[in-house]
Amino acid sequence: MNDIELREGATASITRAFISRGLKLIDGAELAFDWDVTIEGIEFKLRVWAIDPSFRYLPLVKLREIPEKLPCFLPHVIGKDQLLCYLDTTGTYFDPFEPAISAHLIVDAIEQTLLILVDEESSNRDFGVEFGAYWAPKYPGYLTTTQLQSEASILRTSGAGNRERVEAVIHDGGKCFEQWSANRNLREHLGRYPALVIPLKDTSCIPQDRQWPPASWRDFLNWLFTYHPGTELHLLEKLIETVGQSLRIFIVLIDPVSGPFGVVVSFSATVKRSTSRFRKGRAKGKNALSVRQLRTVLKSPMHVESFERWGIEDLTEPFLINRNLGLPSLEGRKLAVLGCGTVGAHIANLLSKVGAGTGRDAELSLYDGDYLRPANLGRHLLGVEYLGEKKAEGVADKIKKESVHPRTISANGYLEPEQFQSVFDNSLVVDATGDEQFSTQLSFIAQRIRQLGATVNILHVWVDANGLAVRALLDDGSGGCYRCLKTYETSSGHKTLVERFPLFTDRNELPKSARIHYQCGESYVPFSEGVSVVAAGLGQQMAMEFFSGEIGPRFRHISLHTGVRQTKSQNISRYSGCPCCNSTT
């Protein structure tokens, strides 16, 4: 059966499924259906068309008319065409090999959406969640601070292919704005105005009895007074203070559910004189404008020159760090990463993305005195612009440059044994050197310091089995140390050091690529950057678990080839006679 026959067969199955659910096929060249369905006593008239038999794209659905018993403005109904947004495909799979089943899923999703439309509580809730979808902004903007009195910069920047864009950034005037200008390829600074950033206590509602979104400053203030009276009063008071600085003001409101949205209002010069009595009256207690009079003055069209709606994306530090986390962030923590090679550089970058180096008293300390060379570029975080630079300095610089908010990151050279004790002052030391001699010595010093009553926490992360496995060990003093992963076997009177948890099933079955390339002073193990990323991801996860207190197995193993044993992740015990632990158990 060829592709055309498959599509024709799928289309026939979809048609039969839709008809069985009450949809009626419309005559015409394009496959389309009308559906008149009653939900909770309310009749809906729908059209379903643009049907893709592979289900890569959902069928389009629209309301042919708004039911009389419902408001003219409904959630999930978009634009003048009244398209129905009935399904978020995240987590939903439509099997193209079972088109009838997939068609029934489509109909089920439409029905569930219609149930929301007929339930006032559900509609209001969804309006709040999707408030930004109905705001219809003129330009995009980005919020980097929640400081009440901030600054708004309107910028012309360039993106990929030198495509120009106009955008606003709301900032506190510090390093964050300088970094933003550099990262966004600033072409022209179009304006700089005062900004007021005000959080809303309650979820925003969309009125059913008036035009939406607000087309004027008067409409906006009326809406704010109706649904958020406390915020409206607070805004009026701050506007009186701000118009003395600038007649053009950027206002950002932060909805607790849907996030920030903004407006820009430009007042005429007459507003200063008209509102001056309110400011003076507050001080003198006479001839003062009442709040009601002030509201009337500020809403008057004679005092307003322009009004714009702006779409605002949340770029505040808490949002960027915590949005995707199931565990607490690393904000406020002190961490050290030893080794900024292919594994350590990626670990440092991933740790910064979950908050390392942010917050009061926080610091991310990087240690590596090696220089980036051309041979490193194939699997390193750093690119050609950092050739010849020390790896720790390059990684610190790259993370700072690519972060929206400032990071406290220090770059240091090689960590010498006499410095071990000082580095253990960090809450967690991540050993990403991949150097067994160094890691053993680090572990030995840690055990001696613990005997003096100090707390030492080390997370060793490394690529093993010639690039075919990744391993990590959290040594928090509760179990075995790094050296406990090796033991001696005695054969014919000779002691041989072996892995406590053997790596290979049969070395002869390993691919030829997994061979150490020996070269005087330049030996290396070939493996792709993807292996480093796997190791770094494991390190990031274990670091977050450590600080959250939800610690999983302290020893982790990931095999990347069938020739490597699948070692169970576990909490390892101290090994009898370990020279680092000095254990007799």
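Scope of this entry: the structure provided in the associated data block. (Residues numbered from 1 in each chain as written. Predicted model: local features only at pLDDT ≥ 70, side-chain atom pairs only at ≥ 80, totals over all residues. Heavy atoms only, no water.)

1. Focus on the packing of helix α10 (residues 342-353) against helix α14 (residues 529-548)
So the rule is basically this: Axis definition: a line fit to C-alpha positions, over the contact stretch in the case of helices; interaxial angles, taken between N-to-C directions, run 0 to 180 degrees. Helix and strand assignments follow DSSP, with helices taken as H or I runs no shorter than four residues and strands as E runs no shorter than two, numbered in order from the N terminus. Roughly parallel here means an angle under 35 degrees, roughly antiparallel means over 145, roughly perpendicular means 65 to 115, and every remaining angle is called oblique. A clockwise turn of the near helix away from the far one marks a right-handed crossing, whereas an anticlockwise turn of less than a right angle marks a left-handed crossing. Contact criterion: two residues are considered in contact whenever any of their non-hydrogen atoms come within 4.5 Å of each other. Put simply, Ala, Val, Leu, Ile, Met, Phe, Trp, Tyr, Cys and Pro go in the nonpolar bin, Asp, Glu, Lys and Arg in the charged bin, and everything else, Gly too, in the polar bin.
The contact between α10 and α14 brings their axes to 8 Å, and the two run at 45 degrees. Classified by the interaxial angle, the pair formed by α10 and α14 is oblique. Here α10 runs over α14; the crossing is right-handed. Between α10, through T342, V343, H346, I347, L350 and L351, and α14, the contact on the second element is made entirely by E529, S532, V533, A535, A536, G537, Q540 and A543. The class makeup of the residues in the contact of α10 with α14 is eight nonpolar, five polar and one charged.

2. Re the environment of K175
Along the chain, K175 turns up in helix α4 (residues 175-183). Sequence separation between K175 and V404 is 229 residues, and the spatial gap between their C-alpha atoms is 9.4 Å.

3. Considerations on the sheet that holds strand β9 (residues 164-171)
Put simply, the test is: The pairing criterion is simple: DSSP has to find at least two bridges between the two strands.
The strand order around the closed barrel formed by seven strands is β7-β9-β8-β10-β11-β12-β13, and the pairing between neighbours is mixed. Strand-to-strand twist of the sheet, defined as the mean angle between neighbouring strand axes without regard to direction, takes the value 35 degrees. The sheet contact formed by strand β10 (residues 186-199) and strand β11 (residues 248-255) spans five bridges and is parallel. In the sheet register, P199 faces β11, and the bridge partner there is I254. The sheet strands contacting α4 are β7 (139-143), β8 (149-158), β9 and β10, and the helix crosses β9 at an angle near 170 degrees. Of the strands in this sheet, β11, β12 (259-267) and β13 (304-314) touch helix α5 (residues 217-227), which is tilted by about 135 degrees from β12.

4. Examining helix α2 (residues 99-117)
Selection criterion: For a helix, the expected span equals 1.5 Å multiplied by the number of residues minus one. For every residue, the accessible area (1.4 Å probe, protein chains only) is compared with the maximum for its type, and the residue is labelled buried under 20%, exposed over 50%, or partly exposed between those bounds.
Taking 1.5 Å per residue as the helical rise, α2 with its 19 residues ought to reach 27 Å, and the 27 Å between its terminal C-alpha atoms agrees with that figure. Every buried residue of α2 is listed here: P99, S102, A103, I106, V107, A109, I110, T113, L114, I116 and L117.

5. Focus on the packing of aromatic side chains
As a reminder of what qualifies: Only the six-membered ring of Trp is used, alongside the rings of Phe and Tyr, when aromatic pairs are assigned; centres must lie within 6.5 Å, and planes under 30 degrees apart are stacked while those over 60 apart are edge-to-face, with the rest tilted.
Overall, the coordinates contain 27 aromatic pairs when judged by the stated rule. Relative to W223, the ring of F220 lies with its centre 6.1 Å away and its plane at 35 degrees, an arrangement referred to as tilted. Of the two residues, F220 and W223 both sit in helix α5, three residues apart, roughly one turn of that helix. Exposure class is identical for F220 and W223. Each is buried. Summarising the aromatic geometry, the rings of F420 and F438 are spaced 5.4 Å apart at their centres and angled 80 degrees between planes, so their arrangement reads as edge-to-face.

6. Examining unusual backbone geometry
Geometrically, the link from W212 to P213 is a cis peptide bond, its omega value of -5 degrees lying close to zero. Note that P213 resides in the loop between β10 and α5. With phi around 65 degrees, D361 is a residue other than glycine that occupies positive phi space. Within the element layout of this structure, D361 appears in the loop between α10 and β15 (363-367). Positive phi, close to 55 degrees, is recorded for N466, a residue that is not glycine. In this fold, N466 is placed in the loop between β18 (458-464) and β19 (469-475).

7. A closer look at the pairing of strand β2 (residues 33-39)
Here β2 lies mainly inside the structure; five of its seven residues are buried. Alignment of strand β1 (residues 24-25) against β2, held across two bridges, turns out to be antiparallel. Paired with K24 across the two strands is D34, which belongs to β2. Both β2 and strand β3 (residues 42-49) contribute to a ladder of seven bridges, which runs antiparallel. Directly across from D34, in β3, lies its bridge partner R47.

8. As for the pairing of β9
A large share of β9 lies buried, amounting to six of its eight residues. Bridge analysis of β7 against β9 gives three bridges, and the strand direction is parallel. Among the inter-strand pairings, G141 is bridged to a residue of β9, identified as A168. With eight bridges joining them, β8 and β9 adopt antiparallel strand pairing.

9. With respect to the side chain of H76
Where we set the bar: N or O atoms closer than or at 3.5 Å make up a polar contact, with two conditions inside protein: a donor-capable atom paired with an acceptor-capable one, and, for residues adjacent in sequence, both atoms drawn from side chains.
Checked against the element boundaries, H76 lands in the loop between β4 (60-65) and β5 (77-78). Looking at H76, its side chain comes within polar contact range of the side chain of D126, at 2.6 Å. In terms of polar contacts, H76 uses its side chain to reach the side chain of E130, at 3.4 Å. If near-sequence neighbours (up to four positions away) are discounted, H76 is found in contact with L83, L84, C85, T113, I116, D126, E130 and Y134.

10. Details of a negative patch on the surface
Stated formally: Here the term patch refers to residues with relative accessible area over 30% and no salt bridge, with like charges joined within 9 Å and nonpolar side chains (Val, Leu, Ile, Met, Phe, Trp, Tyr) within 5 Å. All accessible-area figures derive from a Shrake-Rupley calculation using a 1.4 Å probe, and residue coverage is judged against the displayed protein chains alone. A pair is scored as a salt bridge if a Lys or Arg side-chain nitrogen falls within 4 Å of a carboxyl oxygen belonging to Asp or Glu. In this tally Asp and Glu are treated as negative and Lys and Arg as positive; neither His nor the chain ends contributes. To locate a charge, take NZ of a lysine, CZ of an arginine, CG of an aspartate or CD of a glutamate.
Side chains of E40, D119, E120 and E121 sit close together on the surface and give a patch of like negative charge. Mapping E40 onto the fold places it in the loop between β2 and β3.

11. Overview of the pattern of salt bridges
Evaluation of the coordinates by the stated rule reveals 28 salt bridges. Across the pair K486 and E436 runs a salt bridge whose closest N-O atoms are separated by 2.9 Å. Of this pair, K486 sits in strand β20 (residues 486-491) while E436 sits in helix α13 (residues 436-451), placing them 50 residues apart in sequence. According to the relative accessible area criterion, K486 is buried, its value standing at 16%. What makes E436 partly exposed here is its relative accessible area of 40%. Across the salt bridge formed by R471 and E499, the nearest N and O atoms sit 3.7 Å from each other. With R471 in strand β19 and E499 in strand β21 (residues 494-499), the pair connects residues that are 28 residues apart, well separated along the chain. E499 sits in the partly exposed class, given a relative accessible area of 22%.

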